[in-house]
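Residue strings, one per chain:
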Amino acid sequence: MEVTIQGIDLSPLAKQLTDLKKPVREGAARGVSVLLVKHFREKNATPNKKGFPRSNFWSAAADSVALKPDDGTASAVAVSKEGVRLRWKGGDVHPKKGRALAIPAEGSVAGVWPSEYGGAGYKGGKATFLAWPKGRSFGFIAERKPKGSKDRTLHVLWWLKEVTHHKPDPTVIPDDDTMREAALKAARSVLRAEVHRAKTAGAPPA
Amino acid sequence: MTAADKILGKALAGSSLDTAGWSAIQAGLRDRAFFSSKVEDARILHEARRMCAEAADGKRSASEFRRDMRALLSRMGHPQGDGGLTDLYSQKRLDVLLDTNVRQARGYIQYRESCSEGALMAFPAQELVRVQAREKPRDWEERWARAGGRFHGGRMVALKNDPIWTAISAFGTPWPPFDFNSGMGVEDIDFETAVELGLIQEDTPIPEPEEMNFNEGLEAELPLDGIAEMDEMLRDAFGSQIEIVGNVARWNSNLIRELLDGTRSQNARLGKGGKIADILAEDGDTALADRVRNTGLTVTPQWMQTHGLKHKDPSGNAGTNMPLTVGDYELIPSMWRTPDAVEQYSKNEITLSLDTLDGGTLRLGVNLAMGSPTTFRKERAAKAPSSAVTAYDGRRTFATTENSQAQGAEKGKAE
């Protein structure tokens with residue numbers, strides 16, 4: 001069905017609507033960005049499950065939220081922090097380098113890789129013992145105080161595993177409805193501001 | 001632009017300035033520079049910048065950054081300190097270096113996005129909020145009030161174009177982080193809440209993006225405020241790393257990159273070789289020292305582009321020469337400032353040398369009569385570099401130095 005209104009030139013209005021597409025997309029995308037940043041920061045406020053010092057993983061996830069270049073038809077929001085997708089969708093992790101993943105066994109080495117520990121200029125200690133029982137898929141790296149020390153018990157710093165398994169967690173990302181609502185609310189704000197701007201400029205509202 | 005691009009776009013600025021000294025430098029110049037308090041060697045900054053960019057891209061962890069920086073410092077014979085913030089080997093200092101650069105770059109990207117036309121219409125204001133817990137948090141309410149910030153419903157909220165954002169920042173930028181090791185960040189405030197809080201009225205025009213005094217961050221030229229005082233201070237602190245013409249300052253390291261990629265068509269003047277002259281004078285060659293002292297080095301776009309194209313391609317290099325990278329070219333101002341060695345090549349030409357961290361030696365020939373570079377190449381060092389760096393490249397082998405009861409203990413690799 002076509003509607004023709006004779007005698008009225010709608011082309012300026014059509015142009016205004018076309019010009020409006022980009023700010024609406026920008027506003028809607030920003031709405032989703034803001035929602036994601038807030039969501040990740042709330043997750044960052046929860047204490048570390050193991051009682052280790054905070055790694056601020058979720059804060060870094062919030063910092064990594066960024067828009068993808070607008071292609072003229074759609075805007076996309078990206079979360080580039082490595083590990084977010086794994087936590088969201090689940091999956092297996094294999095070592096990229098070396099043969100094992102090192103999982104901190106205590107807070108003092110949380111966020112520290114074995115290769116940093118005891119490396120050049122490191123002042124925290126020196127791992128002295130690596131065990132990998134034959135036929136097993138796990139091992140550990142431990143430290144023992146030097147001879148003459150009072151306590152010479154073996155102190156496990158990292159557990160070593162060939163693979164770790166992660167269950168999916170849908171709460172890592174807000175649900176679709178919440179994201180849609182955030183985008184729509186922001187888009188409505190853009191439209192309202194644009195209507196107001198058009199009114200004050202004396203032009204017909206888009 | 002990505003956060004990594006933002007970091008890589010910064011000029012290497014080696015200086016003996018401490019944190020207080022750097023904070024006296026105009027914010028725009030600081031934002032365009034990659035620096036660390038009291039680090040003068042451009043090679044350290046060059047590697048640190050590369051690794052920070054990789055971390056911003058998610059390709060390097062903080063632990064890898066610390067490990068590789070320490071290995072690099074150790075290889076360069078950089079002295080180890082007391083483990084505090086002034087010690088470049090310490091976890092605290094390296095974390096601040098990485099965290100500040102990565103968060104600033106990401107803050108810049110998010111700020112830029114938050115200032116698009118649509119984003120400003122939907123979210124015209126922002127709030128200063130704590131985003132990471134700290135053991136000893138600073139008193140930001142007091143800082144906010146002291147800088148002239150107003151509280152709305154007890155909250156530190158202001159329009160995005162309010163000067164309060166740069167006023168509270170130790171870095172002079174309107175995006176977070178606002179200080180070293182700060183756990184504060186910003187959160188967008190939507191239009192309706194901004195109206196409720198009394199920040200704007202329903203009919204207040206939304207700030208236009210062009211009114212945001214937005215610093216694109218990559219222009220090499222920067223108008224200076226208070227030029228007379230800044231001029232002397234900048235020359236003192238940076239010597240030939242900075243060029244000041246009229247009331248405009250430029251980082252020479254940025255200029256070199258722009259010459260190489262063809263975005264700059266004017267010559268880059270790298271100033272006079274004062275320190276090289278000092279080295280020659282110390283060696284007793286006073287006549288040559290005097291000539292160098294009065295010679296300014298000028299790099300032309302033609303020389304740079306012809307040279308750059310030829311030497312980026314490994315096939316254009318003779319036997320012992322290594323391919324030159326953009327980073328190598330960026331070290332030219334540093335070579336002209338503080339080379340490792342100076343030799344007289346001919347009556348009118350000297351050769352400057354600088355060892356690089358990938359086992360090469362950069363050699364820059366300078367014609368003193370013309371004040372221009374003649375040759376630039378990287379020679380492979382005669383002996384292999386120290387194993388300190390390669391030993392900790394993420395494939396470190398853990399030796400089982402103690403005999404144990406655990407059966408099957410073996411040497412392995414872990415990461």
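Residues numbered from 1 in each chain as written. Chains lettered and ligands numbered in written order. Predicted model: local features only at pLDDT ≥ 70, side-chain atom pairs only at ≥ 80, totals over all residues. Heavy atoms only, no water.

What follows deals with the sheet that holds strand β12 (residues 321–322) of chain B. Read from one edge to the other, the open sheet built from five strands follows the order β12-β16-β15-β14-β13 (chain B), with strand pairing classed as antiparallel. Edge positions in the open sheet fall to β12 and β13 (341–344) of chain B, since each of these has one partner strand only. (Pairing = 2+ DSSP bridges. Helix = DSSP H or I, 4+ residues; strand = E, 2+ residues; numbered from the N terminus.)

The next subject is the pattern of salt bridges. All names here are of chain B. According to the stated counting rule, one finds 33 salt bridges over all chains in the structure shown. D179 serves as the salt-bridge partner of R143, at 2.8 Å between the closest nitrogen and oxygen. Of this pair, R143 sits in helix α8 (residues 140–146) while D179 sits in the loop between α9 (164–167) and β6 (184–189), and the two are 36 residues apart along the sequence. A single burial state applies to R143 and to D179, both of which are buried. (Salt bridge = Lys/Arg side-chain N within 4 Å of Asp/Glu carboxyl O. Buried < 20%, exposed > 50% of the residue type's maximum accessible area, 1.4 Å probe, protein only.)

A separate point is the nonpolar core. Residue and element names in this part refer to chain B. In terms of nonpolar packing, the biggest core is built from 64 residues, with M304, I350, L352 and F376 touching the most fellow members. Of all the elements, helix α4 (residues 42–56) adds the most residues to this core, at nine residues. Among residues more than four places away in sequence, those in contact with I350 are I276, L288, V292, V342, E343, Q344, Y345, L364, G365, V366 and L368. Membership of the second largest hydrophobic core comes to 18 residues, among which are F123, F191, I200 and I206. (Core = buried A, V, L, I, M, F, W, Y, C linked by side-chain atoms within 4.5 Å. Contact = heavy atoms within 4.5 Å.)

What follows concerns the interface of chain A and chain B. Accessible area lost upon the coming together of the parts is a frequently used measure of interface size. Listed as interface residues are 62 residues of chain A and, on the opposing side, 63 residues of chain B. Carbon and sulfur atoms make up 51% of the surface buried where chain A meets chain B, a total of about 5,200 Å² over both sides. The three residues of chain A that bury the most area against chain B are R30, R41 and L130 of chain A, which together make up 13% of that side's buried surface. Counting every contact that joins chain A to chain B gives eight salt bridges. Close ionic contact of E187 of chain B with R41 of chain A constitutes a salt bridge, the shortest N to O distance being 3.9 Å. Across the chain A-chain B interface, the total number found is 20 residue pairs in polar contact (both at pLDDT 80 or more). Contributing elements (two or more residues each) for the side of chain A that touches chain B: α1 (11–44), α2 (57–63), β1 (65–68), β4 (101–104), β5 (129–131) and α4 (176–200) of chain A. Considering every element that reaches the side of chain A that touches chain B, the biggest residue donor is α1 of chain A, with ten residues. (Buried area = accessible area lost by both parts, 1.4 Å probe. Polar contact = N/O pair within 3.5 Å; in protein donor to acceptor, adjacent residues only side chain to side chain.)

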